[in-house]
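The primary structure of each chain is shown beneath.
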Amino acid sequence: KKLYFNLLTRKYFSKAAIVHAITAQEKQNLKQLLAVDNVIEIPNLIKNKKTSVASKFNNEKYILYIGRLDEIKGIDILIKSFIKINPPHVKLKIAGGFNDYKEYLEKLIKNATIEPEKIEFLGFVKGDEKELLIKNAIVITVPSFSEVIGMVNLEAAILKTPVITTHQTGLSKLWQENGGFLIQPNEQELTATLQEVLKWTDEERIEQGEKLYNFVLETYTWKNRILDWEKLYKRAL
């Protein structure tokens, strides 16, 4: 890749009027790599979704992971943290298409001192089923080692569900001041954060979800950020 970049790609980037970056870290990396200053950061954006699916999260309490089953997503850390806490009357639900990595995760659970039924693998979910799962969760937890924003974080926030994710997702640092959590992808920090979340009352959970929704509405929706793209294209022209 380095050879291809140096021989072919670099010269085209050097002629670009504007280089688009999705995250602040990517912007910094591109400036160093390309030795240019014309790098503009505009994050992945989401539509503000109107939904008719009702939230009833207090009927069944669970923590939810939703996404690919892949070691880069830190699902093993989530399982180990949940097992360590083993909260009464709370489940961990893992939604994502089944693959070979699921077998490794199941071994973690089998070898632990926890009731197997407390951790559920749901398979791939979509549509209203996915939306209902997100809305009814206590919190969405995506402890990824690497991610470019991670759309599930935004999807959950726009449905007013709090989200625990990592600094490595490229989200704004203000995320953790507005109803969400940014942690390092390790068992210690995730365990402590889950313990904090599990102390919430229903009212506190709703309040945190509202705060994160309002933050994402302002920072990550097309409605409020489309002008950034208009300015970018006008500048390029």
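Since the structure is predicted, the reported quantities are computational estimates derived from the model, not experimental observations. (Residues numbered from 1 in each chain as written. Predicted model: local features only at pLDDT ≥ 70, side-chain atom pairs only at ≥ 80, totals over all residues. Heavy atoms only, no water.)

(A) Just the packing of aromatic side chains, in detail. A complete count under the given rule lists 5 aromatic pairs for this structure. Where F215 meets Y220, the ring centres are 6.2 Å apart and the plane angle is 75°; that geometry is what we call edge-to-face. Under the relative-accessibility criterion, F215 is labelled buried at 9%. Feature note: the residues W175, F215 and Y220 constitute an aromatic cluster, connected by ring pairs. The residue whose ring lies beneath K93 is Y62, and the NZ or CZ to ring-centre distance is 4.5 Å. Sitting over the face of the ring of F121, K102 holds its NZ or CZ atom 5.4 Å from the ring centroid. (Phe/Tyr/Trp six-rings, centres within 6.5 Å; stacked < 30°, edge-to-face > 60°. Buried < 20%, exposed > 50% of the residue type's maximum accessible area, 1.4 Å probe, protein only. Lys NZ or Arg CZ within 6 Å of the ring centre and 35° of its normal.)

(B) Up close: unusual backbone geometry. Positioned with a positive phi, H89 is a non-glycine residue whose angle comes to about 65°. With respect to the helices, strands and loops of the structure, H89 is situated in the loop between helix 3 (75-85) and strand 4 (91-95). Residues other than glycine seldom take positive phi values, yet I149 does so here, at roughly 70°. Its location among the elements puts I149 in the loop between strand 6 (139-142) and helix 6 (151-158). (Helix = DSSP H or I, 4+ residues; strand = E, 2+ residues; numbered from the N terminus.)

(C) Structural detail: the nonpolar core. Within the largest apolar cluster, 56 residues are counted, with the highest numbers of intra-cluster contacts made by L64, I79, I94, I119, I140, W175 and V216. Per-element tally for this core: the top contributor is helix 3, with 6 residues. Once you skip the residues sitting within four places of it in the chain, W175 turns out to touch N153, L154, A157, V163, T165, G180, F181, L182, L212, F215 and V216. Membership of the second largest hydrophobic core comes to 7 residues, among which are A21, L34, V36 and V39. (Core = buried A, V, L, I, M, F, W, Y, C linked by side-chain atoms within 4.5 Å. Contact = heavy atoms within 4.5 Å.)

(D) Region of the structure containing the pattern of salt bridges. Inspection of every chain in the model, using the stated rule, returns 10 salt bridges. We note a salt bridge from D70 to R68, for which the minimum N-O separation is 3.1 Å. A relative accessible area of 25% means that D70 is categorised as partly exposed. Residue K84 pairs with E187 through a salt bridge whose shortest N-O separation is 3.2 Å. Taken together, the residues K84 in helix 3 and E187 in helix 7 (residues 187-197) connect sequence positions 103 residues apart. Residue class for K84 comes out exposed when judged on its relative accessible area of 54%. (Salt bridge = Lys/Arg side-chain N within 4 Å of Asp/Glu carboxyl O.)

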